[in-house]
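Each chain, written out:
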Amino acid sequence: MTPTSSMPTIRAWQINVVLLCIGAGMFVLSHQLVQEYDHFTIGFAGVAGWSIVLYLIAVWLVLTQPINRFTLPIILAVAVACRVVPLEAPPHLSSDIYRYVWDGIVQHAHINPYRYIPADAHLAFLRAPHQDIFDNINRRDYARTIYPPAAQILFYLTTWISPTVLWMKTVMILLEGITLYGLVALLKELGLRREQVLLYAWCPLLVWEVAGSGHIDSAVIAFVTLTLLARYRRQPIATGIFLAIAILLKFYPLVLFPALYRRGDWRMPAACASVIAVGYSIYSSAGMLVFGFLGGYTKEEGMTTGARYFLYVLSQQIPGLRRLPITAFFIFSALVFLAIIVWAWRRNRSSDPKAAFLAPAFALAAALMFLFSPHYAWYIIWLIPFFTLMPNLAILTYLTGFFYLYTTAWADPGPKMYFLNKTLYAGVFVAFLLQQTLSRWPVHHHFFKLKRTAEYP
């Protein structure tokens with residue numbers, strides 16, 4: 001708020017005290033999350049709801065209030081503390097991490113991880129020494145691994161040190177350190193407060209999905225962030241290498257390529273293609289099996305029929321469109337991406353192209369999520385670094401709304417989840433309209449003034 005003669009000036013040390021109190025509350029909620037694994041107290045929705053409240057207050061403080069050189073250490077200390085709490089607890093909300101460990105174990109037995117399903121008789125000799133891992137693998141009776149080559153290399157290196165869930169989760173948290181480094185460096189070079197990294201570091205969704213469940217999306221985020229940093233610094237070879245690694249961890253960062261590409265520069269795409277080719281060549285002995293369960297997963301998740309795309313299902317509720325073919329939705333999605341790509345190329349030719357790629361890259365990532373309408377929270381966490389660099393109300397609503405709603409009883413496939421998504425998308429749309437209105441009628445600046453520059457009192 002803007003200080004006046006009748007209002008005492010808020011000092012940075014006071015903001016730090018408040019942040020410490022909020023951080024303590026978030027630490028308690030991280031502990032409560034683990035407690036909810038075993039018995040109901042306030043429920044996952046209760047933990048998520050209160051975590052969001054504290055997070056929103058902290059975001060407002062770090063974006064609008066005075067800070068000093070002690071603020072960043074406080075932010076980082078709280079972030080570490082909140083992640084340490086669920087680290088030792090067994091994953092409860094997802095079992096994907098057991099597949100990570102198993103794939104690493106298989107590779108250490110000198111077997112291509114794409115060749116056999118976990119329950120295959122050829123791998124029977126690995127079960128007894130790692131029975132707990134095997135027993136918790138989802139789809140172990142019919143699905144080969146779905147994870148691309150860079151993910152497999154990461155699994156191999158991690159299990160080379162220790163083939164345990166605890167160590168795999170530890171590595172995923174350590175990879176967040178790379179993300180924090182990249183975000184702080186980018187914020188500094190963009191002339192923004194380093195402390196804005198709180199938007200990433202304190203996001204409770206990351207505590208749940210990385211520290212709690214150990215999802216490999218943490219590694220994806222790390223290399224996407226390095227890609228953005230290299231692109232900002234105009235390092236095309238590094239940009240291509242980091243983007244390729246991100247794609248080889250999970251495929252979806254491929255959507256960023258059009259925003260990152262600079263016309264006339266062949267080095268970035270050449271580096272990207274080379275790394276991808278090398279990655280797949282390492283596991284080429286499996287032939288076409290190197291693509292693993294990807295085809296089966298798309299069918300299982302309703303991606304081929306359109307059953308999982310909320311906007312497609314919503315359009316079918318309109319009179320006259322009940323029999324709208326899925327092809328029409330794919331064409332619509334392609335047109336959306338094409339429009340963003342054209343915008344990206346035009347921005348990259350602007351008078352200040354150095355950071356012009358950020359907004360289109362953010363738009364491509366967000367469009368993929370809104371059109372894809374994922375049912376799992378870990379898919380959307382890669383939007384958080386973009387949100388940290390370019391905060392906006394619509395994405396904040398999407399991240400927090402998704403996080404909360406998918407911890408409620410509405411997160412049940414069918415009519416309930418359809419209502420959940422109607423609520424989520426309606427909230428995001430209202431937030432978008434509100435943001436557009438406020439940007440054109442900035443009366444709110446009298447009460448809410450952003451202080452995002454790198455200057456310190």
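So, how was this worked out
- Residues numbered from 1 in each chain as written.
- Predicted model: local features only at pLDDT ≥ 70, side-chain atom pairs only at ≥ 80, totals over all residues.
- Heavy atoms only, no water.
- Helix = DSSP H or I, 4+ residues; strand = E, 2+ residues; numbered from the N terminus.
- Rg over C-alpha atoms; globule rule 2.2 N^0.38 Å.
- Contact = heavy atoms within 4.5 Å.
- Areas by Shrake-Rupley, 256 points an atom, 1.4 Å probe, with all protein chains shown as cover.
- Lys, Arg positive; Asp, Glu negative; His and termini not counted.
- Charge placed at Lys NZ, Arg CZ, Asp CG, Glu CD.
- Buried < 20%, exposed > 50% of the residue type's maximum accessible area, 1.4 Å probe, protein only.
- Salt bridge = Lys/Arg side-chain N within 4 Å of Asp/Glu carboxyl O.
- Patch = residues over 30% accessible without salt bridge, like charges linked within 9 Å, V, L, I, M, F, W, Y side chains within 5 Å.
- pLDDT = per-residue confidence, 0-100.
- Phe/Tyr/Trp six-rings, centres within 6.5 Å; stacked < 30°, edge-to-face > 60°.
- Lys NZ or Arg CZ within 6 Å of the ring centre and 35° of its normal.
- Polar contact = N/O pair within 3.5 Å; in protein donor to acceptor, adjacent residues only side chain to side chain.
- Axes fitted to C-alpha atoms, helices over the stretch in contact; angles between N-to-C directions.
- Parallel < 35°, antiparallel > 145°, perpendicular 65-115°, else oblique.
- Nonpolar A, V, L, I, M, F, W, Y, C, P; charged D, E, K, R; others polar.
- Expected span 1.5 Å × (residues − 1).
- Disulfide = S-S within 2.5 Å.

Asker: I'd like a rundown of the overall build of the chain, residues and numbers included.
Answerer: The helix and strand inventory of the chain stands at 20 helices and zero strands. Taking 2.2 N^0.38 as the reference for a compact globule, 457 residues should give roughly 23 Å; the C-alpha atoms of the chain span a radius of gyration of 23 Å, in line with that estimate. If you line up the chain on its principal axes, its C-alpha atoms span 80 × 50 × 50 Å. Long-range contacts, defined as pairs at least 24 residues apart, comprise 75% of the intrachain contacts of the chain with a sequence gap of at least 6. Within the structure as shown, the chain displays about 20700 Å² of accessible surface, and the carbon and sulfur contribution to it stands at 67%. Separation of charge centres in the chain, based on 34 positive and 20 negative side chains, amounts to 14 Å.

Asker: So, the side chain of Thr225: which residues are in play, and what are the values?
Answerer: By the element assignment, Thr225 lies in helix α10 (residues 217-232). Setting aside anything within four residues of it in sequence, one finds Thr225 in contact with Thr179, Gly182, Leu183, Leu186 and Pro385.

Asker: Break down unusual backbone geometry for me, with residues and values.
Answerer: Glycine aside, a negative phi is what most residues show, and trans is what most peptide bonds show. We note that Arg234 has phi near 60°; this positive angle belongs to a residue other than glycine. Its location among the elements puts Arg234 in the loop between α10 and α11 (236-249).

Asker: Go over the environment of Leu226 with me, naming the residues and quoting the values.
Answerer: Position of Leu226 among the secondary structure elements: in helix α10. Judged by its relative accessible area of 14%, Leu226 falls in the buried class.

Asker: An account of the pattern of salt bridges is requested, with residue identities and associated values reported.
Answerer: Applying the stated rule across the entire model yields five salt bridges. Among the ionic pairs, Glu176 bridges to Arg83, the shortest N-O distance being 2.7 Å. Taken together, the positions of Glu176 in helix α7 (residues 165-189) and Arg83 in helix α3 (residues 71-87) put the pair 93 residues apart, joining distant regions of the chain. Pair check on accessibility: Glu176 and Arg83 agree, each one buried.

Asker: Lay out a nonpolar patch on the surface in plain terms, naming residues and giving numbers.
Answerer: Taken together, Ile153, Tyr156, Leu157, Trp160, Ile161, Val278 and Ile282 make up a surface patch of nonpolar side chains, about 720 Å² in accessible area. Ranked by the residues each element gives to the nonpolar patch, the list is headed by helix α6 (residues 149-161), at five residues. As for its placement among the helices and strands, Ile282 is situated in helix α13 (residues 267-282).

Asker: Provide a residue-level description of the confidence of the model for the chain, including the pertinent values.
Answerer: Of all residues in the chain, 94% attain a pLDDT of 70 or more, and the chain-wide mean is 92. Note on residues 1-5: pLDDT is under 50 here. Beyond four places in sequence and across chains, it has eight contacts.

Asker: I'd like a rundown of the packing of aromatic side chains, residues and numbers included.
Answerer: Under the defined criterion, the tally for this structure stands at 29 aromatic pairs. Between Tyr147 and Phe155, the ring centres sit 5.7 Å apart and the planes meet at 85°, which makes this aromatic pair edge-to-face. Phe155 shares its class with Tyr147; the two are buried. A ring pair is formed by Tyr309 and Phe329, whose centres lie 5.2 Å apart and whose planes are at 25°; its orientation type is stacked. Of this pair, Tyr309 sits in the loop between α14 (294-300) and α15 (310-315) while Phe329 sits in helix α16 (residues 326-348); the two residues are 20 residues apart in sequence, bridging distant segments of the chain. Neither residue differs from the other here; Tyr309 and Phe329 are each classed as buried. Aromatic ring contacts, followed pair by pair, group Phe310, Phe370, Tyr398, Phe402, Tyr406, Tyr418 and Tyr425 into a single cluster. Above the ring of Phe134, the side-chain terminus of Arg140 is found at 5.4 Å from the ring centroid. If you follow Lys250 out to its NZ or CZ, it ends over the ring of Tyr379, 4.7 Å from the centre.

Asker: I'd love a proper account of the side chain of Lys250, names of residues and values included.
Answerer: Looking at where Lys250 falls in the secondary structure, it is placed in the loop between α11 and α12 (257-260). By relative accessible area, Lys250 is classed as buried at 11%. A distance of 3.1 Å separates polar atoms of two side chains, one belonging to Lys250 and the other to Asp217. Leaving out residues up to four positions away in the same chain, Lys250 has contacts with Tyr147, Pro148, Ile216, Asp217, Val220, Trp378 and Tyr379.

Asker: With reference to specific residues and values, describe the packing of helix α4 (residues 96-108) against α7.
Answerer: Closest axis-to-axis distance for the α4/α7 pair is 10 Å, and the angle between their directions is 100°. Judged on the interaxial angle alone, α7 and α4 are roughly perpendicular. On α7, the residues that touch Ile97, Tyr98, Tyr100 and Val101 of α4 are Val165, Met168, Lys169 and Met172. In the contact of α4 with α7, the residues fall into seven nonpolar, no polar and one charged.

Asker: Can you explain α7? Please cite residues and give values.
Answerer: In this model, α7 (25 residues) spans 37 Å end to end at C-alpha, consistent with the 36 Å of a helix rising 1.5 Å per residue. Phi turns positive, to about 80°, at Gly191, one or two residues after α7.

Asker: Pulling in residues and values, what's your account of the state of the cysteines?
Answerer: Applying the stated criterion across every chain, the model contains zero disulfides. In this structure Cys82 is a free cysteine whose sulfur lies 11 Å from that of Cys203, the closest cysteine sulfur available. Residue class for Cys203 comes out buried when judged on its relative accessible area of 5%.

Asker: Just give me the short version of the environment of Lys354, but keep the residues and values in it.
Answerer: Among the structural elements, Lys354 can be located in the loop between α16 and α17 (358-372). Separated by 122 residues in the primary sequence, Lys354 and Tyr232 have C-alpha atoms spaced 5.8 Å apart. Every residue in contact with Lys354, bar those within four places of it in the chain, is listed here: Arg231, Tyr232 and Arg234.

Asker: Can you explain the environment of Tyr376? Please cite residues and give values.
Answerer: Take Tyr376: it is sitting in the loop between α17 and α18 (383-389). Sequence-distant contacts of Tyr376, defined by excluding residues within four places in its chain, comprise Tyr297, Glu301 and Phe402.

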